[in-house]
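Chain and residue survey
Spelled out, the chains give:
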Amino acid sequence: GENVEQHPSTLSVQEGDSAVIKCTYSDSASNYFPWYKQELGKRPQLIIDIRSNVGEKKDQRIAVTLNKTAKHFSLHITETQPEDSAVYFCAALSYNTDKLIFGTGTRLQVFP
Amino acid sequence: DTGVSQDPRHKITKRGQNVTFRCDPISEHNRLYWYRQTLGQGPEFLTYFQNEAQLEKSRLLSDRFSAERPKGSFSTLEIQRTEQGDSAMYLCASSPPGQGAGTQYFGPGTRLTVL
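These remarks concern the structure in this document. None of these values were measured; they are calculated from a predicted model.

1. Topic: the sheet that holds strand E7 (residues 65-68) of chain B
All names here are of chain B. Spatially, E1-E3-E8-E7 is the arrangement adopted by the 4 strands of the open sheet, whose pairing is antiparallel. The sheet is open, and its two borders are formed by strand E1 (5-7) and E7, each paired with just one other strand. Here the average twist between neighbouring strands, direction ignored, is 15°. Where E1 lies against strand E3 (residues 19-24), 3 bridges are found, and the strand directions are antiparallel. Across the sheet, Gln 6 pairs through a bridge with Cys 23, a residue of E3.

Now the structure itself:
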């Protein structure tokens, strides 16, 4: 069935360093890949997304890359700040269905 | 607040009781989704509506769960004969027409605790 794997499960970085979170998906029909940030006790918030016709997308300090052949996509955060600390979820959506399949999350801690 | 809203935010119930949650999507969003999230996990898809039509249900949605969206606006999720395993955060999301199903905006969730 559809599956999204996410690594690492936890990530600790020093403020100013970069952070990279990686996901792989199983459904070759997946064509949309959002990333959500969830702070403790709050709703998941969409921070960036990418569609399958694009290989890379950037928004200020956040970027996402997609390798359709290898079926993996990554989130890159540069110049990390303590307020980047949260749980990040990747997800994949297949054009055959309308449901997002989420990864298991990465807890990012940015130390001042 | 023009975002997705959910009510109640917290619900504590005893095993065997029925509970109902409400979700109000962003105005004019025609797609509405329900997810369940347990501690340390990503949201798991339960069901979704396009307007008033329920188009897909996960096998996670046992016959104790039912969802409705009678007028294509707000939606309710009912759990009958609750079990301790139903304890979770129930998230609602909505998606506007024309942008594809993927662009989903989440509500704050209803945290259910079954004692």
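Resuming the write-up.
2. Some remarks on the pairing of strand E11 (residues 106-111) of chain A
All names here are of chain A. Of the two faces of E11, only one is covered, namely that formed by Thr 106, Leu 108 and Val 110; the face formed by Arg 107, Gln 109 and Phe 111 stays uncovered. Here 5 bridges tie strand E2 (residues 10-14) to E11, and the two strands are oriented parallel to one another. From the neighbouring strand, Leu 11 faces E11, where its bridge partner is Leu 108. Alignment of strand E9 (residues 86-94) against E11, held across 3 bridges, turns out to be antiparallel. When the bridges of E11 are listed, Tyr 88 appears paired with Thr 106.

3. Quick notes on the nonpolar core
In this structure, A:Trp35, A:Phe73, A:Leu75 and A:Leu108 are the most contacted members of the largest nonpolar core, which totals 24 residues. Only E2, strand E3 (19-25), strand E4 (30-38), strand E5 (45-51), strand E7 (62-67), strand E8 (72-77), E9 and E11 of chain A provide two or more residues apiece to this core. Not counting chain neighbours up to four residues away, the residues in contact with A:Phe73 comprise A:Ile21, A:Lys22, A:Cys23, A:Tyr25, A:Phe33, A:Trp35, A:Thr65, A:Leu66, A:Cys90 and A:Ala91. Among the nonpolar cores identified, the runner-up in size contains 18 residues, and B:Val19, B:Phe65, B:Ala88 and B:Leu112 belong to it.

4. So, the state of the cysteines
As used in these notes, a disulfide is a covalent bond between sulfur atoms, one from each of two cysteines. All names here are of chain B. Inspection of the entire model under this criterion finds 2 disulfides over all chains. The side chain of Cys 23 participates in a disulfide bridge whose partner is Cys 92; the two sulfur atoms lie 1.8 Å from each other. On the S-S bond that ties Cys 23 to Cys 92, the torsion sits near -65°, and the link is left-handed. Highlighted residues: Cys 23 in strand E3 and Cys 92 in strand E9 (residues 88-95), separated in sequence by 69 residues. Residue classification places Cys 92 among the buried positions, given a relative accessible area of 0%.

Calculation criteria
- All residue numbers here refer to positions counted from 1 along the written sequence of the relevant chain.
- Chains and ligands are labelled sequentially in the order written, the chains with letters from A and the ligands with numbers from 1.
- At least 70 in pLDDT is required for a residue's local features to be given in this predicted model, at least 80 for side-chain atom pairs to be given and counted, and no such filter applies to totals for whole chains, interfaces and linings, which use all residues.
- Note: side-chain values were computed over all heavy atoms of the structure, leaving out hydrogens and water.
- Only strands joined by at least two bridges in the DSSP assignment are considered to pair.
- Helix numbering and strand numbering both begin at the N terminus, where a helix is a DSSP run of H or I of at least 4 residues and a strand a DSSP run of E of at least 2.
- With axes taken as lines fitted to C-alpha atoms, and helix axes fitted only over the stretch in contact, angles between N-to-C directions fall between 0 and 180 degrees.
- Each residue is placed in one exposure class: buried if its accessible area under a 1.4 Å probe, protein chains only, is under 20% of its type's maximum, exposed if it is over 50%, and partly exposed if it falls in between.
- In this text, buried Ala, Val, Leu, Ile, Met, Phe, Trp, Tyr and Cys residues form a nonpolar core when linked through side-chain atoms within 4.5 Å.
- For this analysis, residues touch if any pair of their heavy atoms sits within 4.5 Å.
- Two cysteine sulfurs form what is called a disulfide whenever their separation falls within 2.5 Å.

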